[in-house]
Amino acid sequence: MTTPLIEVEDIGKTYGSVIALSDVSTVVNAGEVTCVLGDNGAGKSTLIKILAGVHQHDAGTFKVEGEEIRFSSPREALDHGIATVYQDLAVVPLMSVWRNFFLGSEPTTTFGFIDRKKGREVTRKALSDMGIDLRDVEQPVGTLSGGERQCVAIARAVHFGAKVLILDEPTAALGVKQAGVVLKYVAQARDRGLGVVLITHNPHHAYPVGNRFLLLKRGRALGCYEKDEINLEELTRQMAGGAELEALAHELRAVEA
Ligand SMILES: Nc1ncnc2c1ncn2[C@@H]1O[C@H](COP(=O)(O)OP(=O)(O)O)[C@@H](O)[C@H]1O
Ligand SMILES: [Mg+2]
């Protein structure tokens, strides 16, 4: 048994009097995707903000590669190999794709100037290694589609050696086809050995790429299932509110009868 990249146990977080997260446990392993599912307000963002060093938990334990940890900044999480891609993406829309790819860590010439040629080449290569073919890496990143931006961000994390890649609802604003493309790169990052945390409220996006499914509702875990413990129908049913929905259907039948 190898040590999980990330392990949270009975983790909790309150904002003032709001219990955003309570008693949540899961793991993230290398070469696997842990999906975090739940409706708005379920606590998904709160959980990943703890993992990403934006917030700190106030209950439970958080371990990275077996060691208990409490990050004081996103920089510290990144230094531990935990990279996060937010839904609104930290990209500068008017800046070129390749400059966005480096964002402050551009390659330099021996004289200390930014090596534009190398920067473009490295970006093109990193993207094409992931199967992304962008003709022009000099184009402003704002001209890319939402799906393409997500793909660039994923390639960036892989290129800079992230161990864990956290994606906050990467497919939420996308059409079916673009969502499929993004999920393909999620699978590629996984197959390259990264541990991926995929946040979504769509079980149809989670199921094909996921190894483990953590279902959250109002800050609590409804369950955390390995893939062989749950099928897509059951996952969808649980997401839809499961028992609550059944009760409603029962009432409807009673009204119709
Ligand atoms: N910074 C904050 N201050 C106060 N309450 C917050 C804050 N962030 C989130 N919450 C509350 O915590 C709960 C979980 O929110 P969140 O983690 O954003 O859920 P999700 O990402 O699943 O929609 C919600 O009730 C939300 O209103
Ligand atoms: Mg959220």
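Student: I tried to follow the overall build of the protein on my own but got confused; where do I start?
Tutor: Along the backbone of the protein there are 9 helices and 10 strands. Along the three orthogonal principal directions, the C-alpha set of the protein runs to about 80 × 40 × 40 Å. Restricting to contacts in the protein with at least 6 residues of sequence separation, those with at least 24 account for 64%. On the protein, the mean spot of the 28 positive side-chain charges and the mean spot of the 33 negative ones are 7 Å from each other.

Student: Whenever I open this one, the packing of helix H4 (residues 116-129) against helix H5 (residues 146-159) confuses me. Can you help?
Tutor: Geometrically, a packed helix pair is captured by the angle between its two axes and the distance between the axes. Where H4 meets H5, the axes come as close as 9 Å, and the angle between the chain directions of the two elements is 100 degrees. Comparing the axis directions of H4 and H5 gives the class roughly perpendicular. Taking contact as the criterion, the partners of Val122, Ala126 and Leu127 in H4 are, on H5, Val152, Ala155 and His159.

Student: Would you mind showing me how to read the packing of aromatic side chains here?
Tutor: How two aromatic rings sit relative to each other is given by the distance of their centres and the angle of their planes. Under the definition given, this model contains 6 aromatic pairs. Here the guanidinium or amino end of Lys227 rests over the ring plane of Tyr207, the centre of that ring lying 4.7 Å away.

Student: Hey, could you run me through H4 in this one?
Tutor: For an α-helix the count is 3.6 residues per turn, leaving residues at separations of three or four pointing the same way. Between its first and last C-alpha, H4 extends 20 Å over 14 residues, near the 20 Å set by a 1.5 Å rise per residue. Every buried residue of H4 is accounted for by Gly119, Thr123, Ala126 and Leu127. All buried residues of H4 project into a common sector of 95 degrees when viewed along the axis, lining one side. Tucked into the core, H4 has its buried residues touching helix H3 (97-102) and H5.

Student: How do you make sense of the site of ligand 1 when you look at a structure like this?
Tutor: Within the structure, ligand 1 sits among Tyr15, Val18, Ala20, Asp39, Asn40, Gly41, Ala42, Gly43, Lys44, Ser45 and Thr46. Residue Gly43 places a main-chain N or O atom 3.0 Å away from an oxygen atom belonging to ligand 1. One of the side-chain nitrogen or oxygen atoms of Ser45 is found 2.9 Å away from an oxygen atom of ligand 1. Within the residue set of the shell around ligand 1, elements represented by two or more residues are strand S2 (18-28) and helix H1 (44-51). If one sorts the elements of the shell around ligand 1 by residue count, H1 sits on top with 3 residues.

Student: Explain the packing of H5 against helix H6 (residues 176-191) to me, please; I cannot follow it from the model alone.
Tutor: It is at 9 Å that the axes of H5 and H6 come closest, and there the two elements cross at 5 degrees. Regarding the angle of H5 to H6, the classification is roughly parallel. In this structure, H5 contributes Gly146, Gly147, Glu148, Gln150, Cys151, Ile154 and Val158 to the contact, and H6 contributes Gln178, Val181, Val182, Tyr185, Val186 and Ala189. Grouping the amino acids of the contact of H5 with H6 by side-chain chemistry returns 8 nonpolar, 4 polar and 1 charged.

Student: Can you help me understand the pattern of salt bridges in this one?
Tutor: When the charged atoms of two side chains with opposite charge come close together, those side chains can pair. Summed over all chains, the structure comprises 13 salt bridges. Of the charged contacts, one joins Glu226 and Arg212 as a salt bridge, the two residues approaching to 2.8 Å between their closest N and O atoms. Of this pair, Glu226 sits in strand S10 (residues 220-226) while Arg212 sits in strand S9 (residues 212-217), placing them 14 residues apart in sequence. Since its relative accessible area comes to 3%, Arg212 is described here as buried. Linked through salt bridges whose partners overlap, the residues forming this network are Glu32, Arg212 and Glu226.

Student: How do you make sense of H6 when you look at a structure like this?
Tutor: The first and last C-alpha atoms of H6 sit 22 Å apart over 16 residues, in line with the 22 Å expected at 1.5 Å per residue. Check the buried side of H6 and you find it contacts strand S3 (33-37), H5, strand S7 (164-168), strand S8 (195-200) and helix H7 (203-209). Downstream of H6 by a residue or two, Gly193 has a phi angle that is positive, lying close to 100 degrees.

Rules and cut-offs
Residues numbered from 1 in each chain as written. Chains lettered and ligands numbered in written order. Predicted model: local features only at pLDDT ≥ 70, side-chain atom pairs only at ≥ 80, totals over all residues. Heavy atoms only, no water. Helix = DSSP H or I, 4+ residues; strand = E, 2+ residues; numbered from the N terminus. Contact = heavy atoms within 4.5 Å. Lys, Arg positive; Asp, Glu negative; His and termini not counted. Charge placed at Lys NZ, Arg CZ, Asp CG, Glu CD. Axes fitted to C-alpha atoms, helices over the stretch in contact; angles between N-to-C directions. Parallel < 35°, antiparallel > 145°, perpendicular 65-115°, else oblique. Phe/Tyr/Trp six-rings, centres within 6.5 Å; stacked < 30°, edge-to-face > 60°. Lys NZ or Arg CZ within 6 Å of the ring centre and 35° of its normal. Expected span 1.5 Å × (residues − 1). Buried < 20%, exposed > 50% of the residue type's maximum accessible area, 1.4 Å probe, protein only. Arc of directions from axis to C-beta. Near = heavy atom within 4 Å. Polar contact = N/O pair within 3.5 Å; in protein donor to acceptor, adjacent residues only side chain to side chain. Nonpolar A, V, L, I, M, F, W, Y, C, P; charged D, E, K, R; others polar. Salt bridge = Lys/Arg side-chain N within 4 Å of Asp/Glu carboxyl O.

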